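Summary of structural features
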Amino acid sequence: MAVTILGIESSCDDTSAAILRDGHLYSNVISGQDVHRNYGGVVPELASRAHQQHIIPVVDQAFQQAGILKEEIDAVAFTQGPGLLGSLMVGSSFAKSFSLSQAIPLIGVNHLQAHILAHFIKDPEKQGRDTPRFPFLCLLVSGGHTQLTVVRDHLDMEIIGETIDDAAGEAFDKCGKIMDLPYPAGPIIDKKAQLGNPHAFEFTRPKIEELNYSFSGLKTAFLYFLRDQVKQDKDFISNNFNDLCASLQYTIIDILMDKLIQAAQQTGIREVGIAGGVSANSGLKDAIHQAAQKHNWKVHIPRFEYTMDNAAMIAMTGYYKYLNEDFSGIDVVPQARFKY
Ligand code: KG4
Ligand code: ZN
């Protein structure tokens, strides 16, 4: 019998609801939050309030678009963590109420695992694109996380490297803030980088042990470099904007790719994927395709809609947990820090 899952995502600043039947996508509604634009980052209190406003209309729309009735849902999956606690509470409370009212299982999902399992969502536009074969190596790059993971099965993953400070998306956003860009700066830097010279400015790479990452030094180097240049030319940033974006992006990608290549060599895995918001970056996608040619990898890049925070990936993870009968009790609590 077909299994139909309602997924709810509310870990950060996107409220999302999705419906999947046997892994096939029926709807995936995402509502962003403009309230954070001028603050240089997500303001937790504003985020929880906006989730509270959006959650019911977003779920309603997901049902309408899917053409599926509440009574047809077999389980509700929600993001249990990691994320902002107040934001997670909105999604988890909604999911609990839905589970109780429909008398169906409740499934708490790890947001990071879900970013990786976005590769397995089946949708009509994805036809012809293979899903990764196990084991596969996934570089998860988002606003809050940067991790290298060996994926042995849908729910069997091992983190083999991670950032010791800032995430890659944070490096884009914080350096963007230094240049007075609104939040999130990543997509703007990506666009402008395509018009600039990636070798115009040189920034030092961190020397971090093993397969771990660090991005906070780059942010500080970028800040001091601009502070010195602006002393000599107050219009330095606007005069060199595209080159600054291109050089910064080139450095971030170089740092990411260096450890990804090392991880592939150490593990011998040649099925390689990226996931998370930063995997929408055009430079990163080019770099991974180039590396694939050189190292004979099979590359997996999720569709743009599934790289950002979305509930389709939560429902997908919920589906695999449903098949394992891995359900949560009604007393389950959200976790701001949540390991898998
Ligand atoms: O996965 P995501 O939607 O949310 C988190 O779980 O963090 O990722 C958001 C992050 C932000 O830091 C944003 O600047 C970055 O992804 N991002 C990008 C691009 N699109 C989104 N960074 C670089 N280039 C992009 N095209
Ligand atoms: Zn995310």
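Residues numbered from 1 in each chain as written. Chains lettered and ligands numbered in written order. Predicted model: local features only at pLDDT ≥ 70, side-chain atom pairs only at ≥ 80, totals over all residues. Heavy atoms only, no water.

With that settled, the discussion passes to the site of ligand 1. Around ligand 1, the surrounding shell holds 20 residues, and the nearest of these are Gly143, Asp173, Asp190, Gly277 and Asn281. Between ligand 1 and Gly186, the relevant distance is 3.3 Å, taken from an oxygen atom to a main-chain nitrogen or oxygen of the residue. Within the complex, the protein chains bury 88% of what would otherwise be the 550 Å² of accessible surface of ligand 1. Where the shell around ligand 1 is concerned, the elements lending two or more residues are helix 3 (111–117), helix 4 (168–178) and helix 5 (186–193). Here the residues of the shell around ligand 1 are counted per class, giving six nonpolar, eleven polar and three charged. Residues from two domains meet in the shell around ligand 1; each of domain 1 (4–121 + 306–323) and domain 2 (136–301) gives at least three. (Near = heavy atom within 4 Å. Polar contact = N/O pair within 3.5 Å; in protein donor to acceptor, adjacent residues only side chain to side chain. Areas by Shrake-Rupley, 256 points an atom, 1.4 Å probe, with all protein chains shown as cover. Helix = DSSP H or I, 4+ residues; strand = E, 2+ residues; numbered from the N terminus. Nonpolar A, V, L, I, M, F, W, Y, C, P; charged D, E, K, R; others polar. Domains from an automatic or database assignment.)

Turning to the sheet that holds strand 9 (residues 271–275), a few remarks are in order. Hydrogen bonding along the main chain pairs the strands of a sheet, whether they run parallel or antiparallel. Pairing is mixed in the open sheet, where five strands are placed in the order 8-7-6-9-10. Two strands bound the open sheet, and with one partner strand each, they are strand 8 (156–162) and strand 10 (298–300). This sheet shows a mean twist of 25° between the axes of neighbouring strands, independent of strand direction. Two elements, strand 9 and strand 10, share three bridges in a ladder whose sense is parallel. Each residue of the ladder has a partner; that of Val272, found in strand 10, is Val299. Running over the sheet, helix 8 (residues 241–267) touches strand 6 (136–141), strand 7 (146–153), strand 8 and strand 9 and is turned about 160° from strand 6. Each of strand 6, strand 9 and strand 10 touches helix 9 (residues 282–295); the most contacted strand, strand 9, lies at about 175° to it. (Pairing = 2+ DSSP bridges. Axes fitted to C-alpha atoms, helices over the stretch in contact; angles between N-to-C directions. Contact = heavy atoms within 4.5 Å.)

This paragraph deals with the nonpolar core. The tendency in soluble globular proteins is for nonpolar side chains to be buried as a group. Ranked by internal contacts, the top residues of the largest apolar core, which has 48 residues, are Met179, Ile252, Leu256, Met257, Leu260 and Trp297. When near neighbours in sequence (up to four residues on either side) are disregarded, Met179 contacts Ile189, Phe222, Leu226, Ile237, Phe241, Leu244 and Cys245. In terms of nonpolar packing, the next biggest core, distinct from the first, is built from 31 residues, Ala114, Val151, Tyr306 and Met316 among them. (Core = buried A, V, L, I, M, F, W, Y, C linked by side-chain atoms within 4.5 Å. Buried < 20%, exposed > 50% of the residue type's maximum accessible area, 1.4 Å probe, protein only.)

Within strand 7, six of the eight residues are buried, which leaves it mostly tucked inside the rest of the structure. As paired strands, strand 6 and strand 7 are joined by six bridges and run antiparallel to one another. Following the sheet pairing, Cys138 is matched in strand 7 by Thr149. From the end of strand 6 to the start of strand 7, which pair antiparallel, there are four residues.

A few words on the domain arrangement of the chain. When its domains are assigned, the chain resolves into domain 1 (4–121 + 306–323) and domain 2 (136–301). Of the roughly 1800 Å² buried between domain 1 and domain 2, counting both surfaces, carbon and sulfur atoms make up 72%. At the junction of domain 1 with domain 2, the criterion picks out zero salt bridges. The tally of links between domain 1 and domain 2 comes to three residue pairs in polar contact (both at pLDDT 80 or more). Counting residues per element, the side of domain 1 that touches domain 2 draws most heavily on helix 3, at five residues. (Buried area = accessible area lost by both parts, 1.4 Å probe. Salt bridge = Lys/Arg side-chain N within 4 Å of Asp/Glu carboxyl O.)

In this section: the coordination of the zinc ion (ligand 2). Angles between donor atoms at a metal ideally measure 109.5 degrees for a four-coordinate tetrahedral arrangement and either 90 or 180 degrees for a six-coordinate octahedral one. Donor atoms from the polypeptide that coordinate the zinc ion (ligand 2) comprise His111 (NE2), His115 (NE2) and Asp309 (OD), at 2.0 to 2.2 Å from the metal. Around the zinc ion (ligand 2) sit four donor atoms, and with donor-metal-donor angles ranging over 94 to 146° the site reads as irregular. Site description for the zinc ion (ligand 2): donor spacing in sequence, H-x3-H-x193-D. Separated by four residues within a single helix, His111 and His115 lie in helix 3, roughly one turn from each other. Residue class for His111 comes out buried when judged on its relative accessible area of 5%. Given a relative accessible area of 0%, His115 falls into the buried group. (Donors = N, O, S within 2.8 Å, 3.2 Å for Na, K, Ca; no water. Tetrahedral: all angles 85-135°; square planar, octahedral: opposite > 155°, others 65-115°.)

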